[in-house]
Amino acid sequence: MKIKNIACIGAGFVGGPTMAVIALKCPEIKVTVLDSNESKINSWNGNLDKLPVYEPGLSEIIAKVRNKNLFFSTDIKNTINNSEMIFMAVNTPTKDKGLGKGYAADLSNIEKCAKEIGKYSNSDKIVIEKSTLPVKTAEKVKQILNQSNKKNHFEVLSNPEFLAEGTAINDLFKSDRVIIGGDNSDTGKVAIAKLKEIYQRWIPINKILLTNVWSSELSKLVSNAMLAQRISSINSISSICEKTGADILEIANAVGMDKRIGPEFLKPSIGFGGSCFKKDILNLVYIARTYDLNEVADYWESVILINNYQTNRVSDKIKEFLNGELNKNTISILGWAFKKNTNDSRESASIQIASNSLISGGSINIFDPMVSKDKIYDDINRALVKNKIFKPKADKLISKVKIYNNKYDAVIESNLSVFCTEWDEFKNMDWIRIFQNMKEPKTIIDGRNILNKEELSEIGFKIYSIGQV
Ligand code: NAD
Ligand code: UGA
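So, here's what we can say about the structure. (Residues numbered from 1 in each chain as written. Chains lettered and ligands numbered in written order. Predicted model: local features only at pLDDT ≥ 70, side-chain atom pairs only at ≥ 80, totals over all residues. Heavy atoms only, no water.)

This paragraph deals with the site of ligand 1. Lining the immediate surroundings of ligand 1 are 26 residues, of which Asp35, Lys40, Thr92, Glu165 and Lys279 lie closest. Within the side chain of Asp35, one N or O atom sits 2.6 Å away from an oxygen atom of ligand 1. Within the backbone of Thr132, one N or O atom sits 3.0 Å away from an oxygen atom of ligand 1. Burial of ligand 1 by the protein amounts to 92% of the accessible area it has alone, namely 840 Å². Class assignment for the residues of the shell around ligand 1 results in 8 nonpolar, 10 polar and 8 charged. (Near = heavy atom within 4 Å. Polar contact = N/O pair within 3.5 Å; in protein donor to acceptor, adjacent residues only side chain to side chain. Areas by Shrake-Rupley, 256 points an atom, 1.4 Å probe, with all protein chains shown as cover. Nonpolar A, V, L, I, M, F, W, Y, C, P; charged D, E, K, R; others polar.)

This is the structure:
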């Protein structure tokens, strides 16, 4: 079976960029990205400036391959039937009800994909888990496929994605590694070879790791857990720095120079955000508890506890700086996305900081270069509901939120400014002039260590930078 048609179910932050790169690198293969969300598919087919996912370099690739060998469609039935290889890149959020609520991954989207693949397939298929899944999910996927289709053979591979948002295209072009997990059977080996052939076109062969399915599924969770653990480690030390006068940036530099530790992922922050770190660690904690490994579960859960602690420390600092009188003050929040170069705000620490401030009585000015106003309002609404604040009180709080199109006005019309996201456009600006025009007490919280604290304190601004006295 030669691979001529690839389908990907899920046109999100993973499905869109990943398939764009596969289409670019495999011009003779027709790649179709599917989604049940029609308006998302319309946006992928629409204006290049308004694609559903913002990623540097993505729109240029889409411009080259869209409607040549890359297609976006809602026609799940025919596309599945016509494809030899099908990726599942649907979202797998934390369960909000049922067994494992608050910890386990919700696999309903994956189960639905497997049912649809089974139902619409009239030939054998290679089915690939691209979504991040608990170890042993492939067993369940196989079971569903075989139950819903007794005529065809389905080979299930695990091929987790390691791209980070904001650098997705570069990560896909130059992956540190690609993992393909598959069965050691004859059909398994053939399927692995077919997928390997695709990646081999641009990924050096020594970076393509072939493993068993369970190692592949679990490697993904462990990679995210270990990355997040580094951030919680450095953030926990930032508290000690603030008590002792040690400087967290000097510590991170000193520690990271040890080549056994390395310099990456040691940037102190207001806490990690994003759709995956928290959900994947919760999933790992759930898996450990299922096997009665409670010490292991507690260890990983503490990574999340430190992350919440770090974000709440920033909220406490806001209260401290404003003498608890948030009701008399306006707080500007610079950056709503969970990191720079993305329009994704899922689990962004900005949401927690903004809703904590609103609940404590403050007014909020928000600026972000990429996240839409609707998304920001929606995030705040959801955060208030999570805090059990409903209409009409929620509406009253939301009326104290202003979303700005420019960062200067957002800051000038506030008493306290919090730098939440490290967008390049926030760096190397003449902030002194802007801060001078702020309302009293002209206070700054640098949650990303992008400002010159010493210089700003010397000229009289009240400034808090993570992990620095
Ligand atoms: P996303 O929410 O951006 O996209 C998922 C898409 O799947 C949505 O558009 C949704 O409408 C669609 N979908 C869900 N069920 C469907 C179904 N049955 N049929 C058709 N469409 C369906 O999610 P994402 O950020 O792309 O993440 C997808 C998976 O990849 C998750 O498991 C995540 O953990 C993993 N992952 C994400 C990233 C990242 O940076 N976002 C990186 C690596 C891995
Ligand atoms: C992360 C991983 O880096 C990817 O390898 C993985 O594929 C992805 O999760 C996923 O599975 O979804 P992502 O969340 O997109 O990628 O972005 P990161 O660069 O990892 O940043 C996550 C959060 O940690 C951001 O809020 C970022 O600001 C924060 N961070 C990162 C720090 O606070 N300090 C650091 O040193 C690094």
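Attention shifts here to the packing of helix H11 (residues 277–290) against helix H12 (residues 294–321). Two elements in contact, H11 and H12, have axes separated by 8 Å at closest approach and are oriented at 165°. Judged on the interaxial angle alone, H12 and H11 are roughly antiparallel. Crossing of H11 over H12 shows left-handed handedness. Contacts between H11 and H12 involve Lys278, Ile281, Leu282, Leu284, Val285, Ala288 and Arg289 on the former and, on the latter, Asn294, Val296, Ala297, Asp298, Trp300, Glu301, Val303 and Ile304. (Axes fitted to C-alpha atoms, helices over the stretch in contact; angles between N-to-C directions. Helix = DSSP H or I, 4+ residues; strand = E, 2+ residues; numbered from the N terminus. Parallel < 35°, antiparallel > 145°, perpendicular 65-115°, else oblique. Left-handed = near helix turned anticlockwise from the far one by under 90°. Contact = heavy atoms within 4.5 Å.)

An order of S11-S10-S9-S12-S13-S14 is seen for the 6 strands of this open sheet, with the pairing classed as parallel. Two strands lie at the open edges of the sheet, namely strand S11 (401–403) and strand S14 (462–465), each paired on one side alone. Geometrically, the sheet is characterised by an average inter-axis angle of 15° between neighbouring strands, direction not taken into account. Relative to S11, strand S10 (residues 363–367) runs parallel, the two being bridged by 3 bridges. Across the sheet, Asn365 pairs through a bridge with Lys402, a residue of S11. Against the sheet, H12 contacts strand S9 (330–334), strand S12 (416–419), strand S13 (443–446) and S14, and its axis sits at roughly 170° relative to S13. (Pairing = 2+ DSSP bridges.)

On to the side chain of Asn449. Along the chain, the position of Asn449 falls in the loop between S13 and helix H18 (453–458). A distance of 3.1 Å separates a polar atom in the side chain of Asn449 from the backbone oxygen of Ile466.

Here we come to the packing of aromatic side chains. The final tally for this structure, using the stated rule, is 11 aromatic pairs. Judged by centre distance (5.7 Å) and plane angle (55°), the rings of Tyr199 and Trp202 are tilted. Owing to a relative accessible area of 14%, Trp202 belongs among the buried residues under this scheme. With centroids separated by 6.4 Å and ring planes inclined at 65°, the aromatic side chains of Phe265 and Phe277 adopt a geometry described as edge-to-face. One end of the pair, Phe265, is in the loop between helix H10 (248–256) and H11; the other, Phe277, is in helix H11, with 12 residues separating them in the sequence. Judged by its relative accessible area of 34%, Phe265 falls in the partly exposed class. By relative accessible area, Phe277 is classed as buried at 13%. (Phe/Tyr/Trp six-rings, centres within 6.5 Å; stacked < 30°, edge-to-face > 60°. Buried < 20%, exposed > 50% of the residue type's maximum accessible area, 1.4 Å probe, protein only.)

Take the site of ligand 2 next. Near ligand 2 you find 20 residues, and of these Leu163, Ser269, Cys276, Phe338 and Arg448 are the closest. Within the backbone of Phe338, an N or O atom sits 2.7 Å from an oxygen atom of ligand 2. Between ligand 2 and Arg448, the relevant distance is 2.7 Å, taken from an oxygen atom to a side-chain nitrogen or oxygen of the residue. Relative to its free-state accessible area of 700 Å², ligand 2 is covered by the protein chains to the extent of 91%. When residues in the shell around ligand 2 are grouped by element, the largest group, 4 residues, is from helix H9 (residues 213–244). Class assignment for the residues of the shell around ligand 2 results in 11 nonpolar, 3 polar and 6 charged.

Across 4 bridges, the pairing between strand S7 (residues 178–181) and strand S8 (residues 208–211) is parallel. Following the sheet pairing, Val178 is matched in S8 by Ile208. A crossover links S7 with its parallel partner S8, the connecting element being helix H8 (residues 186–199), and its sense is right-handed. (Right-handed = clockwise from strand over helix to strand, strands pointing away.)

Now for helix H14 (residues 373–386). Spacing of three or four residues puts side chains on the same side of an α-helix, whose turn is 3.6 residues. Helix length check: H14, at 14 residues, gives a terminal C-alpha distance of 20 Å against a target of 20 Å (1.5 Å per residue), a fit within 8%. Every buried residue of H14 is accounted for by Ile376, Asp379, Ile380, Ala383 and Leu384. Here the buried residues of H14 occupy an arc of 130° about the axis, which is enough to place them on one side. Exposed side of H14, more than 90 degrees from the buried face: Asp374 and Arg382 are the residues found there. Contacts from the buried residues of H14 go to helix H13 (349–359), S10, helix H15 (393–398) and S11. In the segment just after H14, Lys388 is the residue with positive phi, at about 65°. (Expected span 1.5 Å × (residues − 1). Arc of directions from axis to C-beta.)

With that settled, the discussion passes to empty space enclosed by the protein. Summed over all chains, the structure comprises 2 cavities of 30 Å³ or more. One number sums up the size of the largest cavity: a volume of about 100 Å³. Around the largest cavity sit 15 residues that line it, and Glu161, Leu172, Ser175, Val178 and Tyr199 are the ones nearest its centre. Mapped onto the lining of the largest cavity, the elements with two or more residues apiece are helix H1 (15–25) and S7. Put simply, the second largest cavity is a space of about 40 Å³. As for the second largest cavity, its lining consists of Glu129, Ser131, Thr132, Leu133, Ser158, Asn159, Pro160, Glu217 and Lys220. Among the residues making up the lining of the second largest cavity, the classes are represented as 2 nonpolar, 4 polar and 3 charged. (1 Å grid on protein atoms, 1.4 Å probe; cavity = no way out; pocket = protein on both sides within 12 Å on 5 of 7 lines; lining within 4 Å. Points joined across faces, edges and corners; volume = space filled by probe spheres on them.)

In short, geometric facts, not functional conclusions.
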